[in-house]
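Results of the structural survey
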Amino acid sequence: MKRRSLIIGSAAALGLGWLLRPQEQGADHSPYFTDLSAALDRAQLAKPTLVVDRSRLLANIRTLRGHINDRFDYRIVVKSLPSLPLLETVIEASGSQRLMVFHQPFLNRVAAYFPQADVLLGKPMPVAAAHNFYRQFAGGGFDPARQLRWLLDTPERVKQYDELARALGQDMQVCIELDVGLHRGGVRSDEQLIAMLDLLTASEHLEFCGFMGYEPHIVKVPLGSAESHRDKAMAVYQHYIDVAQAHLGPQWPKEALLNAGGSPTYQMYNEGNYPINELATGSCLVMPTDFDMPTLADHEQACFIATPVLKALDTLQIPGIDLGAVQSLWDPNRARTFFTYGGYWKALPESPRGLFNNSLYGRSTNQEMLNGSRNIHLQPDDWVFLRPTQSEFVFLQFGDIAVYDEGGIVQRWPVFDQEPG
Ligand SMILES: Cc1ncc(COP(=O)(O)O)c(C=O)c1O
């Protein structure tokens with residue numbers, strides 16, 4: 001190649017590369033986050049804090065009710081809303097007393113705090129955990145024999161629970177977990193289902209009360225439409241109902257509980273006829289980022305991590321490899337550096353817009369580096385907001401939730417702890 005064309009070619013490549021460099025994305029807080037910052041300051045908060053926006057939470061409950069619309073009963077997924085006062089708010093606004101619980105200490109809490117609740121386990125628990133529930137249950141209005149439904153997945157587990165029920169002289173209601181396509185356990189054959197039903201029928205203390213068939217895969221499988229996967233899952237569900245009804249005859253429970261659904265899928269049942277009678281959701285009421293999906297487009301972001309800026313620098317410096325200036329020359333979103341109070345949560349930066357982690361510098365749970373453009377004017381003691389990617393674990397990491405409503409922090413809601421209480 002001639003030298004001149006080599007030079008022209010290289011210059012063109014450089015020019016093209018320059019055009020392809022990251023676009024500036026930074027902006028200061030929107031009025032919503034400016035107001036929220038002021039509210040946190042007025043409440044004298046100064047550490048990483050989980051914020052729930054109550055009016056958005058209530059709007060999400062109205063949206064949910066609009067879709068479910070008396071077509072199904074609604075069950076509140078406790079793990080995704082892990083705070084008693086938060087659950088109380090949802091119970092009041094949704095009108096549902098049905099809860100789905102996934103953790104034994106939380107089960108004891110819920111039984112003590114919501115004596116009217118109807119509680120379904122969301123996963124099969126080791127029988128020793130069930131035993132611990134009864135050991136730690138302090139009595140009160142909640143009657144486990146009537147209001148608690150264990151979820152069992154295999155004939156072996158039915159035998160274990162039967163033994164426990166006999167040892168305790170305790171009646172127990174049992175739902176059977178179905179595999180309707182998620183392949184996370186549960187009944188996978190007619191023989192397995194019939195074996196479980198026979199054990200339950202023979203048991204003096206256990207009573208079969210329905211099915212749970214969770215199907216979040218229907219909106220996630222890459223091939224085929226969500227509708228076709230929903231229909232397949234519901235056909236499997238219907239099949240197991242038919243098998244059980246044929247096997248049990250008149251002993252099929254009069255008010256069988258037929259649970260399905262989760263936040264990603266609940267709007268898939270807005271129209272049409274399905275064998276289920278109950279949908280369970282939790283996350284869609286607070287909307288962590290994992291739930292940013294077309295089936296939840298009408299739900300509002302209602303939870304944030306707020307954390308103070310400790311340090312704000314007008315440069316980016318990385319020890320040893322001093323690529324800082326090159327990084328910011330190439331990417332205008334690397335021009336400024338902020339260190340936040342804490343970090344490395346399961347969360348994504350939300351506001352100010354255009355904040356990024358720096359993988360070259362690394363992550364920190366103590367003081368996390370974030371970079372942004374010169375259009376971000378954060379100063380020490382300002383707030384940065386992130387959105388949790390999920391609620392169930394993240395909500396538990398900050399102490400009491402700060403409840404934001406009408407421009408102020410109006411309440412603090414304790415979250416669950418790991419002790420039965
Ligand atoms: C059995 C079951 N039902 C429902 C849900 C839905 O919960 P969410 O609406 O918070 O996604 C889950 C979530 O893991 C689940 O495991």
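Per-chain numbering applies: the sequence of each chain, read as written, is numbered from 1 onward. Per-residue local features of the predicted model are confined to residues with pLDDT of at least 70, and side-chain atom pairs are confined, for both listing and counting, to 80 or more; whole-chain, interface and lining totals are unaffected and use all residues. Just so you know, side-chain values use all the structure's heavy atoms and leave hydrogens and water out.

1. Some details on the site of the ligand
By convention in these notes, a residue is near a molecule or strand provided one of its non-hydrogen atoms lies within 4 Å of it. Near the ligand, the surroundings consist of 16 residues, among which Lys79, Ser80, Ser263, Gly282 and Ser283 are the closest. In the analysis that follows, any N or O atom pair within 3.5 Å is treated as a polar contact, provided that within protein one partner can donate a hydrogen and the other can accept it, and provided that, for residues neighboring in sequence, both atoms belong to side chains. Within the side chain of Ser80, an N or O atom sits 2.5 Å from an oxygen atom of the ligand. The separation between an oxygen atom of the ligand and a polar side-chain atom of Ser283 is 2.6 Å. Areas reported as accessible are Shrake-Rupley estimates using a 1.4 Å probe. Residue values count occlusion only from the protein chains shown. When the ligand sits alone it has 400 Å² of accessible area, and the protein chains cover 94% of it. Under the grouping applied here, Gly and all other residues not named as nonpolar or charged are polar, the nonpolar ones being Ala, Val, Leu, Ile, Met, Phe, Trp, Tyr, Cys and Pro and the charged ones Asp, Glu, Lys and Arg. Split into classes, the residues belonging to the shell around the ligand amount to six nonpolar, eight polar and two charged.

2. Focus on the nonpolar core
To qualify as a nonpolar core, a set must consist of buried Ala, Val, Leu, Ile, Met, Phe, Trp, Tyr and Cys residues joined through side-chain atoms within 4.5 Å. Remark: exposure states derive from per-residue accessible area (1.4 Å probe, protein chains only) relative to the maximum for the residue type, with buried under 20%, exposed over 50%, and partly exposed in between. The biggest cluster of nonpolar side chains holds 108 residues, and the ones touching the most others in it are Trp150, Ile176, Phe211 and Tyr237. By residue number, the principal contributor to this core is helix H10 (residues 226–248), which donates eight residues. Among the nonpolar cores identified, the runner-up in size contains 13 residues, and Ala39, Leu45, Phe385 and Tyr404 belong to it. We count a stretch as a helix when DSSP gives it H or I for four or more residues in a row; a strand needs E for two or more, and each element gets its number in order from the N terminus.

3. Some thoughts on the pattern of salt bridges
Put simply, a salt bridge is a Lys or Arg side-chain nitrogen that is within 4 Å of an Asp or Glu carboxyl oxygen. Applying the stated criterion across every chain yields a total of 19 salt bridges. Linking Glu278 and Arg98 is a salt bridge whose minimum nitrogen-to-oxygen distance equals 2.6 Å. Of this pair, Glu278 sits in strand E9 (residues 278–281) while Arg98 sits in strand E3 (residues 98–101); the two residues are 180 residues apart in sequence, bridging distant segments of the chain. A relative accessible area of 0% places Glu278 in the buried class. For Asp162, the salt bridge identified is with Arg166, shortest N-O distance 3.6 Å. Taken together, the residues span about one helical turn, with Asp162 and Arg166 both in helix H8 (residues 155–168) at a distance of four residues. For Asp162, a relative accessible area of 15% puts it in the buried group.

4. Digging into the sheet that holds strand E2 (residues 73–77)
DSSP-based pairing: two strands are paired if at least 2 bridges between them are found. With respect to topology, eight strands assemble into a closed barrel ordered E2-E3-E4-E5-E6-E7-E8-E9, the strand pairing being parallel. Strand-to-strand, the axes of this sheet are offset by a mean angle of 30°, without reference to chain direction. Relative to E9, E2 runs parallel, the two sharing four bridges. Within the sheet, the bridge partner assigned to Ile76 lies in E9 and is Thr281. Between two residues, a contact is recorded if the distance between any of their heavy atoms is within 4.5 Å. Axes, fitted as lines to C-alpha atoms, cover a helix only where it is in contact. Angles between the N-to-C directions of the axes lie from 0 to 180 degrees. On top of the sheet, helix H5 (residues 104–113) reaches E3, strand E4 (118–121) and strand E5 (148–152); it is set at about 160° to E3, its chief contact.

5. Focus on the packing of aromatic side chains
Note on aromatic pairs: the rings of Phe, Tyr and Trp (six-membered ring only in Trp) are paired at centre separations within 6.5 Å, and the planes decide the class, stacked below 30 degrees, edge-to-face beyond 60, tilted for the rest. Enumeration according to the criterion identifies 21 aromatic pairs in this entry. Taken together, a centroid distance of 5.9 Å and an interplanar angle of 55° make the contact between Phe208 and Trp252 tilted. On the criterion of sequence distance, the pair formed by Phe208 in strand E7 (residues 206–213) and Trp252 in the loop between H10 and strand E8 (257–260) is long-range, its members being 44 residues apart. Since its relative accessible area comes to 15%, Trp252 is described here as buried. Residues Tyr269 and Tyr274 carry aromatic rings whose centres are separated by 5.0 Å and whose planes lie at 90° to one another, so their mutual orientation is edge-to-face. Residue class for Tyr269 comes out buried when judged on its relative accessible area of 1%. Joined through ring pairs, the aromatic side chains of Phe133, Tyr134, Phe137, Phe142, Trp150 and Tyr161 make up one cluster. Sitting over a ring, as applied to charges here, requires NZ of Lys or CZ of Arg to be within 6 Å of the ring centre and within 35 degrees of the ring normal. Lying over the aromatic face of Tyr32, Arg56 brings its terminal NZ or CZ to 3.9 Å of the ring centre.

6. Examining a nonpolar patch on the surface
Together, Leu16, Leu19 and Leu20 make up a nonpolar patch on the protein surface, roughly 370 Å² of accessible area in all. As for its position among the elements, Leu19 is in helix H1 (residues 3–19). Each patch is built from salt-bridge-free residues with over 30% relative accessible area, joining like charges within 9 Å and nonpolar side chains (Val, Leu, Ile, Met, Phe, Trp, Tyr) within 5 Å.

Just geometry here; none of it tells us what the structure is for.
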